[in-house]
Amino acid sequence: MNIIKFLDSLSDPELLTTPVSRRNGLKSLTQKGKELALVSIPFALAATSKKTAAATKAMPSAMFQASPTEVLQFALTLEYLERDFYQMGLDSGVIPADDENIFVLIRDHESSHVDLLKAALGGNAFDAPEFDFSGGLGLDPFNNYAQFLALAQGFEDTGVRAYKGQAGALVDDDALLEYALQIHSVEARHASQLRRMRGEKGWITRDNNTLPPAFSAIYAGEENTVQLGVELAGRFPNFGGVDAVTEAFDEPLTMAEVNAIAGLFLA
Amino acid sequence: MKKPIINVEFADQGPDGKLTSRRRFLKTTGLLVAGSGLFMYSCSNENLEEELLTADAAADVRAGKVFNLGKGDLAILNYAYVLEQLEAEYYRQVLEGDYWLNQASPEEKEILQDLYYHEVIHRDFLKVAISSVAPPGKIAPDLIFDFSSVDFSDRTTVLTVAKILEDTGVSAYNGAGNLLENTDYLLVAGKIVSVEGRHAAAIGDLLDPGSNNFASDDVLVDLLGTGIAYDKATDPRDVLEAVAATGFLETKIIANNVPTE
């Protein structure tokens, strides 16, 4: 399956909009997860090349415009991923006692977000898919705390970008947009805390990161310095320069870009 | 010419609305008596413009002591610009204070300096953005602030005020999102608000390291009974009232045409 075909399949109404029986829904999603994982691994790896990044940026944004239901389902998958990751982490004993309160709190938040999205989706909600947190790279986060923290940071920074990328698709529903924003900034709080626990700044400088190279797509594009058509690089030499300009604005990811990242962790 | 009254009534008044309005009025009057620097003028005419102000008020507008945020997306951009000015000026003074200069750890110094840089960038960016769509008189002026009540030599004070400002910024952008018509503005507000959220978390953690203070139940709210897991989304009028209560802002802000839906 090539990437364009895959992108087409993302708008497959059978997956995204049709209320199906839970069993069928789960089966369909699992199957889709496999397809997603299959195409997204090479995509995510290849995204390190400038050519691919440019090609991704060149794709018209309308191609990714989703319905509110599709956005909520997309968000639900991400929240399931986060919730299950933290729950498995707490169950595994990999988290030192001193840090446990932080992951209990974050797990509780993600669990609440799952419940809110399920409530908003009603009959269009689905159960959690199965995840594989080895990420196709043989990672072992539930026995290796450094890997656990790194993935947690990656998931939160991805979540921030994912919600941001879908705000425009929710403009016609004030309540949903506001809920999404209220989740979005909490993901940013989580990201800041986890980044600082790993010795990074709470904010993202350019596209710098300390995650495995396979996850560079999580930060691709964060080096942007143009906002509303205004080039800000060079305007703030006495206020942290380009580094600070990129830190001051978090950048969005498209649904396809996020799915490529999340697909690494679908069983 | 209608003489403007100091009030914060924005919505249509029903029988219940009147009661709310009266309470709100009394509350705000109390704030004003206590020395708040922020006034709001209200008028039955939804399209209140500067010519409806008294001659004295008009002179204040020209002198930059009073500013009307305007209406529509412009009002929201000006509102954001006001908040970013507030934050930037606060951190500028933090970096001149004894806590930052002589007491803060290297990590604390770096974080507060970054926050200063980011807020200056937000502030100056918004000025450029507003300037590209509005004539000079419609852009908020350089505001006048008074942080004399803040002891910049005291760590807890400096960080606590910073946390209030950042948490307020998050709830303000969240509450303004669905008031914006232009999706480009919505996206850029989204790019800023998550950075404010990152700030709020870092400052919260500095105040109580390793605790839940980065996203605590004191700051977050519940939605639909699913648990306390969401940042607030606060309407501009309520944010401006809260800012007024701090006494930090001397310039009077007229906010009665800021969108409410």
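Because the structure is predicted, anything quoted here is derived from the model rather than measured.

1. Remarks on the overall build of chain A
Part 1 of the argument: Along chain A, the regular secondary structure elements total ten helices and two strands.
Part 2 of the argument: Counting the 267 residues in chain A, one finds 49% classified as buried.
Part 3 of the argument: Contacts in chain A between residues far apart in sequence, at least 24 positions, make up 74% of those at least 6 positions apart.

2. Some words on the environment of Ile204(A)
Residues and elements named next belong to chain A.
Part 1 of the argument: You can see Ile-204 is positioned in the loop between helix 8 (174-197) and strand 1 (226-227).
Part 2 of the argument: The spacing of Ile-204 and Asp-172 is 32 residues in sequence and 30 Å in space, taken between C-alpha atoms.
Part 3 of the argument: Aside from chain neighbours lying at most four places away, what touches Ile-204 is Asp-157, Tyr-219, Glu-222, Glu-247 and Asp-250.

3. Section: the confidence of the model for chain A
Part 1 of the argument: Residue-level pLDDT values for chain A average 83, and 76% of them are 70 or greater.
Part 2 of the argument: Within the model, the stretch residues 1-62 of chain A combines pLDDT values under 50 with 70 contacts to residues more than four positions away or in other chains.

4. Considerations on the nonpolar core
Where a protein is soluble and globular, its nonpolar side chains tend to be buried together.
Part 1 of the argument: If you look at the biggest cluster of nonpolar residues, it comprises 140 residues, and the most contacted ones within it are Ala180(A), Ile76(B), Tyr79(B), Ala80(B), Ile121(B), Ala176(B) and Ala189(B).
Part 2 of the argument: Of the residues forming this core, the biggest block, 13 residues, is contributed by helix 3 (residues 72-94) of chain B.
Part 3 of the argument: Those residues in contact with Ala180(A) that lie beyond four places of it in its chain are Tyr163(A), Gln166(A), Ala167(A) and Leu170(A).

5. Re the interface of chain B and chain A
Part 1 of the argument: Contact residues are listed per partner, giving 43 residues for chain B and 50 residues for chain A.
Part 2 of the argument: When contributions to the side of chain B that touches chain A are tallied by element, the ones reaching two or more residues are helix 5 (106-131), helix 6 (155-176), helix 7 (183-207) and strand 5 (228-230) of chain B.
Part 3 of the argument: Among the elements that take part in the side of chain B that touches chain A, helix 7 of chain B stands out by supplying 17 residues, more than any other.
Part 4 of the argument: A per-class count over the side of chain B that touches chain A returns 24 nonpolar, 13 polar and six charged.

Cut-offs and rules
- Residues numbered from 1 in each chain as written.
- Chains lettered and ligands numbered in written order.
- Predicted model: local features only at pLDDT ≥ 70, side-chain atom pairs only at ≥ 80, totals over all residues.
- Helix = DSSP H or I, 4+ residues; strand = E, 2+ residues; numbered from the N terminus.
- Buried ≥ 20, exposed ≤ 12 C-beta atoms within 10 Å, placed from the backbone.
- Contact = placed C-beta atoms within 7 Å.
- pLDDT = per-residue confidence, 0-100.
- Core = buried A, V, L, I, M, F, W, Y, C linked by C-beta atoms within 7 Å.
- Nonpolar A, V, L, I, M, F, W, Y, C, P; charged D, E, K, R; others polar.

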